[in-house]
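Chain and residue survey
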Amino acid sequence: MSYNYLYKLVLIGDSGVGKSCLLLQFTDQRFQPVHDLTIGVEFGARLIEYKKTKIRLQIWDTAGQESFRSITRSYYRGAAGAVLVYDVTRRETFNHLASWLDDALQHSSPSLQIILVGNKSDLSKRRAVNYEEGFNFAQEHGLTFLETSAKTGENVEQVIFIL
Ligand SMILES: Nc1nc2c(ncn2[C@@H]2O[C@H](COP(=O)(O)OP(=O)(O)OP(=O)(O)O)[C@@H](O)[C@H]2O)c(=O)[nH]1
């Protein structure tokens, strides 16, 4: 399909925070509860139209596991945006944000747009990180912030359109 622009986005964050599910929700508008661990890199793409311009979004989903961190340099090459994801039910994924952010800033172009996403907002009973904490982290680091649910689809579209 023809397009005017190609926009590369990368998904980053700890293993299990829901990156693959966010990707699936965005490209296919569906949720698949059991998802294999991402091995290496997966891709998704979607064509969007903004002010009569066709933009092909190419979304890269990497494995969150430590052992895959070495591929990050090539992963960030050419990326215009990054979605930094944590899981609102697992505090350790929030605690690791600074290290992900360092990685992203070190390996990407200075113009990289980063959005912070607190995923699994549907699991309100198991919440371990509140909205304000996410919001404050984002403010401190100059990022935009959203909470999403890859399960219900809440705010998933907004992530892309904010970037
Ligand atoms: N309730 C709920 N569960 C979710 C949500 N997003 C993901 N999950 C579940 O969380 C688990 C991990 O999701 P993945 O998308 O595989 O996580 P990942 O970040 O891609 O993990 P890696 O591939 O290891 O980096 C799966 O069992 C999903 O079903 C969500 O928004 N709500």
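Residues numbered from 1 in each chain as written. Predicted model: local features only at pLDDT ≥ 70, side-chain atom pairs only at ≥ 80, totals over all residues.

Structural notes on the overall build of the protein
Secondary structure assignment for the protein yields six helices and six strands. Moving toward the C terminus, one meets the helices and strands of the protein in the order β-α-β-β-α-β-α-α-β-α-β-α. Split into buried and exposed, the 163 residues of the protein put 34% on the buried side. For the protein, the proportion of contacts with a sequence separation of at least 24, taken over those separated by at least 6, is 69%. (Helix = DSSP H or I, 4+ residues; strand = E, 2+ residues; numbered from the N terminus. Buried ≥ 20, exposed ≤ 12 C-beta atoms within 10 Å, placed from the backbone. Contact = placed C-beta atoms within 7 Å.)

What to know about the nonpolar core
Ranked by size, the top nonpolar core spans 34 residues in total, and within it Val10, Leu11, Leu22, Val83, Leu84, Val85 and Val117 carry the most contacts. Other than its neighbours up to four places away in sequence, Leu11 contacts Lys19, Leu22, Leu23, Ile59, Trp60, Asp61, Thr62, Val83 and Val85. (Core = buried A, V, L, I, M, F, W, Y, C linked by C-beta atoms within 7 Å.)

A closer look at the pairing of strand 1 (residues 5–12)
Sheet analysis places strand 1 next to strand 3 (residues 53–62), joined by seven bridges and oriented parallel. Counted as the bridge partner of Leu6 is Arg56 from strand 3. Bridge count between strand 1 and strand 4 (residues 81–87): four bridges; the pairing is parallel. From the neighbouring strand, Val10 faces strand 4, where its bridge partner is Ala82. (Pairing = 2+ DSSP bridges.)

Looking at helix 1 (residues 19–28)
Counting buried positions over the 10 residues of helix 1 gives eight, a clear majority of the element. Three or more residues of helix 1 are buried, namely Lys19, Ser20, Cys21, Leu22, Leu23, Leu24, Gln25 and Phe26. Two residues or fewer past helix 1, Gln29 is found with a positive phi of approximately 50°.

Things to note about the pairing of strand 4
For strand 4, the tally of buried residues reaches seven of seven residues, placing the bulk of the element in the interior. Covered by surrounding structure in strand 4 are Gly81, Val83, Val85 and Asp87 together with Ala82, Leu84 and Tyr86, the residues of both alternating faces.

Section: the environment of Asp122
Mapped onto the fold, Asp122 is located in the loop between strand 5 (113–119) and helix 5 (131–140). Residue Asp122 is classed as partly exposed on the basis of its C-beta count, with 17 C-beta atoms lying within 10 Å. Linking Asp122 and Thr89, residues 33 residues apart in sequence, is a C-alpha distance of 9.9 Å. The residues contacting Asp122, other than those within four sequence positions of it, are Ser149, Lys151 and Thr152.

With respect to the environment of Asp103
Structurally, Asp103 can be placed in helix 4 (residues 97–107). Note: C-alpha distance between Asp103 and Tyr76 (27 residues apart in sequence) is 9.6 Å.

Quick word on unusual backbone geometry
You will see that Lys120, though not glycine, has its phi angle at about 75°, which is positive. One can find Lys120 in the loop between strand 5 and helix 5. Not every positive phi belongs to a glycine, and Asn155 is a case in point at roughly 65°.

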